[in-house]
Every structure is written in structure tokens, then in C-alpha cells.
Amino acid sequence: MKNPFIFIALLTVLFTACKEVPPVITPLQSDNNGQVVPRRALIEEFTGVRCVNCPAGTADILNLQSIYKDRLIAIGIHAGSFSLPYTESTIDFRTEEGNNIINLLGRPLGYPSAVVNRKKFDGEFNLQVGRSQWAGFLAQELATPPVIDVKLSVTYSKISRKVQVKVDLTPLQALSNPEIRVSVMILEDKIVNEQLTPDGKQPNYVHRHNLRKMLTPYDGEIITNLLKNVATLSKNYSLTLPDGWFDLNCSIVAFAHLGGDKLEVLQAVEAKLF
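Residues numbered from 1 in each chain as written. Predicted model: local features only at pLDDT ≥ 70, side-chain atom pairs only at ≥ 80, totals over all residues. Heavy atoms only, no water.

A word on the pattern of salt bridges
Tallying each qualifying case throughout the model produces 14 salt bridges. When the shortest N-O distance is used, the salt bridge between arginine 118 and glutamate 44 registers 2.8 Å. In this pair, arginine 118 sits in the loop between β5 (113-116) and β6 (128-130) while glutamate 44 sits in strand β3 (residues 41-47), placing the two residues 74 residues apart along the sequence. Overall, arginine 118 belongs to the buried group, its relative accessible area being 2%. Three or more residues are tied together by salt bridges with common partners; here these are Arg39, Lys119 and Glu141. (Salt bridge = Lys/Arg side-chain N within 4 Å of Asp/Glu carboxyl O. Helix = DSSP H or I, 4+ residues; strand = E, 2+ residues; numbered from the N terminus. Buried < 20%, exposed > 50% of the residue type's maximum accessible area, 1.4 Å probe, protein only.)

Now the structure itself:
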């Protein structure tokens, strides 16, 4: 096999149940100051409380995160036919942005399903891919150097519950793409609520990396022309954390991506509120 990174990642799917797999070393890029910029990948997991097989998909993603650490950023999007809450559910995980994103990226043919860097891979008919393919496609993406750096600065006040976000975007090479956008999301992790599992409905299931809200339009904010005029583009966003969201489990995710016909994610980053 020509690409050793893909081979190692494929082995994780086959053997993680019985042995520990070492982290995969991925290529790095340097910015204009000579600082190393790691390539990071985004996986958007489409899920729902009525999806009996989705907990297994989440477990696979958590295992991949244990390998890649902060180079793999996961977002759980409750959308589609399996996302309708149960009568017993105390939280509706669905969001307007999530409903728009699943229409933007295309609905899964089956669950669990995910989109890796919003990229249509060779041999695939759409962006959504099944769990057996996640490891290989992630390794393929992480084996490419980044073309843009995305940095996050997050300030949070526990008193006012106001979140202030600064996103810095720095091209690492000339960007010829006709349209580049930035998307910013807030996630909440480890929400305990109802979930269908192979053992039946579980009231104390722990839902992971859940999309709660976006600070940009669901399809991102266009920044192409702004990027052409500055070495580093800074964008600022803010929101007040709603009551009931556990701030210790919240994080901000920002990613630069293409618009138009191609939606590929160029780089992503995640930061906790504090």
C-alpha cells in the first residue's frame, strides 16, 4: 500500500477491540513565523436518539479521537428521521442549523453516518460515508499538509455567561479557490438523556460532542475577498450561554472551508470555554 497512514488507520478498525494502536504521525506545515501548524480533520456525525446503531458509531469516533487527539474534531448533529425526541426525552437535540446542514451535505442512506472534511472521496456517490470508512478517509485527510491556519481565542464570563470568540485565519500558501468561508459552532459534550441502544431505551445515555448552535450562518460566512487583503484575517463573534447548558462541557469549533460546488474543510480547530 502506497500510503502508510491509510494502512495504519485501517488497522485501527480491525484491531482496536483487542490491542492499543499507537498515534498516527501526520504531516505538519509551518507558518510565516516558522511555527508548526498541524493538519486537523473534521468529522460530522449524523445521529439521533432513535438510532439504535448510532452509539456504536460514536464509540468508533471516540476511539479515533483517542488516537489522533486534538487533530480530530468531532461534531454530533442530531438531524433526520431518527432525531425526533422521545416523550421521555428532556432535551431536544435538534437545531435549525443541524437541519440545514444535513440538507446542505446530503442525507445519509443509513445510520450511523458521517461526513469527513465535507469531502467527496474517490469512488463515493455523496459526502456521507459509513463507519467502516471513517478511519481510512480520516487518515487520508490527515496525511495532507494544511493550506490555511485557523486559531481560536475564547473568553468566557461565568457571571454573565457571555462567550466571546476570536478566529484568526492565516493562509499558508496562495489560495486560488473562488470561495472560502468560515463556520463557527458551539458544542456541548456529555449530555445525559434518552437514547435507543441495542439493549433498549437508556435514560442515562451520555451524548457526545453535540451541536448546540452556530455563531455564523449554517453554510459559513464568506471571507474570500477579506483573506486576499490581509496576512491574517480576524473575525469576532459572541453569544450568551443559555440556561441549562453546562459551561464546563462546552467548546467552540471553527473551520475554514470551501463554498459553492465544493464544500471541503481546509482546516479546523476546537477550544474549550475555559
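A few points about the state of the cysteines
Within this structure, the stated rule accounts for one disulfide. Two residues share a disulfide in this structure: cysteine 51 and cysteine 54, whose sulfurs sit 2.1 Å from each other. Note on the cysteine 51 and cysteine 54 pair: the S-S dihedral is about 85°, so by sign convention the disulfide is right-handed. Just as cysteine 51 is buried, cysteine 54 falls in that class too. (Disulfide = S-S within 2.5 Å.)

With respect to the packing of aromatic side chains
Per the counting criterion, the structure on display carries three aromatic pairs. Note on phenylalanine 121 and phenylalanine 137: the rings are 4.0 Å apart at their centroids and 5° apart in plane angle, and the pair reads as stacked. Of this pair, phenylalanine 121 sits in the loop between β5 and β6 while phenylalanine 137 is found in helix α4 (residues 131-142), placing the two residues 16 residues apart along the sequence. For the pair formed by phenylalanine 121 and phenylalanine 137, the shared burial category is buried. When the ring centre of tyrosine 86 is taken as origin, the NZ or CZ atom of arginine 50, which lies over that ring, is 4.2 Å away. Looking at lysine 201, its charged tip hangs above the ring of tyrosine 86, at a distance of 4.6 Å from the centre. (Phe/Tyr/Trp six-rings, centres within 6.5 Å; stacked < 30°, edge-to-face > 60°. Lys NZ or Arg CZ within 6 Å of the ring centre and 35° of its normal.)

Thoughts on unusual backbone geometry
Cis geometry is adopted by the peptide bond preceding proline 112, which originates at tyrosine 111 and carries an omega value of 0°. Its location among the elements puts proline 112 in the loop between α3 (96-105) and β5. Of note, arginine 161 is a non-glycine position whose phi angle comes to about 60°, a positive value. What makes arginine 161 buried here is its relative accessible area of 17%.

With respect to the nonpolar core
Formed by 30 residues in total, the largest nonpolar core has its most connected members in Val165, Val167, Leu169 and Val184. Broken down by secondary-structure element, the contributors of at least two residues to this core are β7 (148-156), β8 (162-171), β9 (180-188), β14 (233-240), β15 (250-258) and β16 (265-272). Element by element, the count of residues in this core is highest for β15, at five residues. What valine 165 contacts, discounting residues up to four positions off in sequence, is Leu152, Ser153, Val184, Leu215, Lys235, Asn236, Tyr237 and Ile252. Core analysis: the next-biggest nonpolar cluster, separate from the first, contains 23 residues, Phe46, Tyr111, Phe255 and Val265 among them. (Core = buried A, V, L, I, M, F, W, Y, C linked by side-chain atoms within 4.5 Å. Contact = heavy atoms within 4.5 Å.)

Quick notes on the pairing of β14
Covered by surrounding structure in β14 are Leu233, Lys235, Tyr237 and Leu239 only, the residues Ser234, Asn236, Ser238 and Thr240 on the alternate face being uncovered. Where β8 meets β14, eight bridges bridge the pair, whose relative direction is antiparallel. Paired with valine 167 across the two strands is lysine 235, which belongs to β14. (Pairing = 2+ DSSP bridges.)

With respect to the sheet that holds β14
Strand order across the open sheet formed by three strands is β7-β8-β14, with antiparallel pairing between neighbours. Strands with a single pairing partner mark the edges of an open sheet, and in this sheet they are β7 and β14. Mean inter-strand twist for the sheet, computed between neighbouring axes without regard to direction, equals 15°. (Axes fitted to C-alpha atoms, helices over the stretch in contact; angles between N-to-C directions.)

A closer look at the packing of helix α2 (residues 54-68) against α4
Between α2 and α4, whose axes approach to 10 Å, the crossing angle comes to 25°. Here α2 is positioned roughly parallel relative to α4, judged by the angle of their axes. Along this stretch, α2 crosses α4, giving a crossing that reads as right-handed. In this structure, α2 contributes Ala56, Gly57, Asp60, Ile61, Leu64 and Tyr68 to the contact, and α4 contributes Arg131, Trp134, Ala135, Leu138, Ala139 and Leu142. Here the residues of the contact of α2 with α4 are counted per class, giving nine nonpolar, one polar and two charged. (Parallel < 35°, antiparallel > 145°, perpendicular 65-115°, else oblique. Left-handed = near helix turned anticlockwise from the far one by under 90°. Nonpolar A, V, L, I, M, F, W, Y, C, P; charged D, E, K, R; others polar.)

What to know about a nonpolar patch on the surface
Together, Phe246, Leu248 and Phe274 give the surface a local cluster of nonpolar side chains, amounting to about 310 Å² of exposed area. On the accessibility criterion, leucine 248 (44% relative accessible area) is partly exposed. (Patch = residues over 30% accessible without salt bridge, like charges linked within 9 Å, V, L, I, M, F, W, Y side chains within 5 Å. Areas by Shrake-Rupley, 256 points an atom, 1.4 Å probe, with all protein chains shown as cover.)

Comments concerning the environment of valine 253
Tracing the chain through its elements places valine 253 in strand β15. Separated by 38 residues in the primary sequence, valine 253 and leucine 215 have C-alpha atoms spaced 10.0 Å apart. Setting aside residues up to four positions removed in sequence, valine 253 forms contacts with Leu42, Ile73, Ile75, Ser183, Val184, Met185, Leu187, Val269 and Glu270.

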